[in-house]
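Here is how the chains run, residue by residue.
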Amino acid sequence: MISAWTFGTLPEGRVVTAYQLTSESGFRAVVLDYGVTLQALYLPDGRNVTLGHDSLDAYLDGAGYRGAIIGPNANRIVGASFEIDGQHVEVSTNDGENNLHSGDTGFHTQIWNARIEEDVLIFSHTAQAGTGGFPGHLSVTLRISFRNDTLRLEMRAETNAPTPVNLTWHPYWNLNGRGRIDGHDLSVSADNRSILETAQTVPVKETRFDFRKALPLGHVRLDDNFKDVKEARLKGHSTELKVTSSLPDMQVYTGDALSVPRSGVALEPQFQPNDINLDQRSLLRPGEIYDHWIAYRFDI
């Protein structure tokens, strides 16, 4: 079941709508059309396990990107520039000399068109060529469903010119519903992690990044990309969250720079950071379709 209500109004007068998806098992997810933002996720016992704001104004500065869809390119582009077929492209800078999460005109700042088809919430957005410096007219469709204990996001995109497409969802999770994440246990099924500036991979074995077996987060600070991830599991408060995806990698960020540090952990499936300057697995060409999914399954 999907219901909707007015969440707030932007300074220019556009209305932002909240949509609530309720599963057969009593889970509830609230998603805004502003940035396709996961504003809340309630377990059947009423616990809200994701970080969100109660007012629209708090979302407008984009701080922390909490709950938002990230695109057209997630994570960092080193030097805010890249080459496609020998052509140099420059995009906006917002992280020192780098581009982070597509800059100030990224998908997290847009109101998306929404429609409901039975129990599926569908968002669509068209980014004009040159927005934020990114080439290509880009058409994106997101499908969100909540069935039983699993929230699922399906992502599809097409372009009329070669351009990077590396989408992710950016909720922060706290299975306690409040406080710090230090007592959570985390496992990530990855043997290697990547280095931002190069295509080099580094084994996690015998390092602080070895989460192949569940470990308490404690005071470990993470803002790192794990390679070839099959799944990640977060455990806390007698609850387990399992994150799977068709995307190859996962950025894990323990939220140390949030306004309330370590109040949530982000598990972001994606192509590797700076991929457009490395393997270019995220390069989408005309006639191709970007088609990926992310699933969040809860076990209480």
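Residues numbered from 1 in each chain as written. Predicted model: local features only at pLDDT ≥ 70, side-chain atom pairs only at ≥ 80, totals over all residues. Heavy atoms only, no water.

(A) Geometry of the environment of L186. Here L186 is to be found in strand β17 (residues 185-188). We classify L186 as buried; its relative accessible area is 1%. Those residues in contact with L186 that lie beyond four places of it in its chain are F211, K213, A214, L215, L217, L222, R233, L234, V252 and L267. (Helix = DSSP H or I, 4+ residues; strand = E, 2+ residues; numbered from the N terminus. Buried < 20%, exposed > 50% of the residue type's maximum accessible area, 1.4 Å probe, protein only. Contact = heavy atoms within 4.5 Å.)

(B) Spotlight on the nonpolar core. Core analysis: the largest hydrophobic core is formed by 57 residues, its most contacted members being L41, I144, W173 and F298. Sorting elements by how many residues they give to this core places strand β12 (residues 138-147) first, with 5 residues. Sequence-distant contacts of F298, defined by excluding residues within four places in its chain, comprise F27, L41, L43, V49, D149, W173, L175, E240 and L241. Ranked by size, the runner-up nonpolar core spans 11 residues in total, among them F7, V30, Y34 and Y59. (Core = buried A, V, L, I, M, F, W, Y, C linked by side-chain atoms within 4.5 Å.)

(C) Examining unusual backbone geometry more closely. With omega at 5 degrees, the peptide bond leading from G71 into P72 counts as cis. Mapped onto the elements, P72 comes out in the loop between β5 (69-70) and β6 (76-77). Backbone geometry places D85, a non-glycine residue, at a positive phi of 55 degrees. Summarising the element assignment, D85 is placed in the loop between β7 (81-84) and β8 (87-90). Exposure remark for D85: the relative accessible area of 58% places this residue in the exposed category. In this structure, D228 is a non-glycine residue whose phi angle is positive, near 50 degrees. By secondary structure assignment, the location of D228 is in the loop between β21 (223-226) and β22 (232-236).

(D) Here's a closer look at the sheet that holds strand β3 (residues 28-32). With respect to topology, 4 strands assemble into an open sheet ordered β1-β2-β3-β4, the strand pairing being antiparallel. Looking at strand neighbours, the two that pair on one side only are β1 (2-9) and β4 (37-42), the edges of this open sheet. Neighbouring strand axes in the sheet, compared pairwise and without regard to direction, differ in orientation by 20 degrees on average. Judged from the 5 bridges that link them, β3 and β4 form a sheet pairing that is antiparallel. Paired with L32 across the two strands is T37, which belongs to β4. (Pairing = 2+ DSSP bridges. Axes fitted to C-alpha atoms, helices over the stretch in contact; angles between N-to-C directions.)

(E) Just the side chain of S282, in detail. Along the chain, the position of S282 falls in the loop between β25 (265-270) and β26 (283-284). A distance of 2.7 Å separates the side chain of S282 from the side chain of D275, its partner in a polar contact. Residues in contact with S282, not counting those within four places in the same chain, are T163, P164, V165, N166, F271, D275 and I276. (Polar contact = N/O pair within 3.5 Å; in protein donor to acceptor, adjacent residues only side chain to side chain.)

(F) Expanded view of the packing of aromatic side chains. In the structure shown here, the tally under the stated rule is 10 aromatic pairs. Here F27 and F146 contribute two aromatic rings whose centre-to-centre distance is 5.7 Å and whose plane-to-plane angle is 35 degrees, an arrangement assigned as tilted. Of this pair, F27 sits in the loop between β2 (15-22) and β3 while F146 sits in strand β12, placing them 119 residues apart in sequence. Residue class for F27 comes out buried when judged on its relative accessible area of 4%. With relative accessibility at 5%, the residue F146 sits in the buried group. Taken together through their ring pairs, the aromatic side chains of F27, F146, W169, W173, Y296 and F298 make up a single cluster. Lying across the ring of Y42, R28 places its NZ or CZ 4.3 Å from the centre. The ring of F209 has R193 lying over it, and the distance from NZ or CZ to the ring centre is 3.8 Å. (Phe/Tyr/Trp six-rings, centres within 6.5 Å; stacked < 30°, edge-to-face > 60°. Lys NZ or Arg CZ within 6 Å of the ring centre and 35° of its normal.)

(G) Molecular detail of the pattern of salt bridges. Enumeration according to the criterion identifies 21 salt bridges in this entry. Ionic pairing is found between R115 and E117, a salt bridge with its closest N-O pair at 3.2 Å. For E117, a relative accessible area of 36% puts it in the partly exposed group. In this structure, E154 and R152 form a salt bridge, with 2.9 Å as the shortest nitrogen-oxygen distance. Judged by relative accessible area, which is 31%, E154 ranks as partly exposed. A residue is classified by how much of its surface remains accessible, and R152, at 26% relative accessible area, is partly exposed. (Salt bridge = Lys/Arg side-chain N within 4 Å of Asp/Glu carboxyl O.)

These figures capture arrangement, not role.
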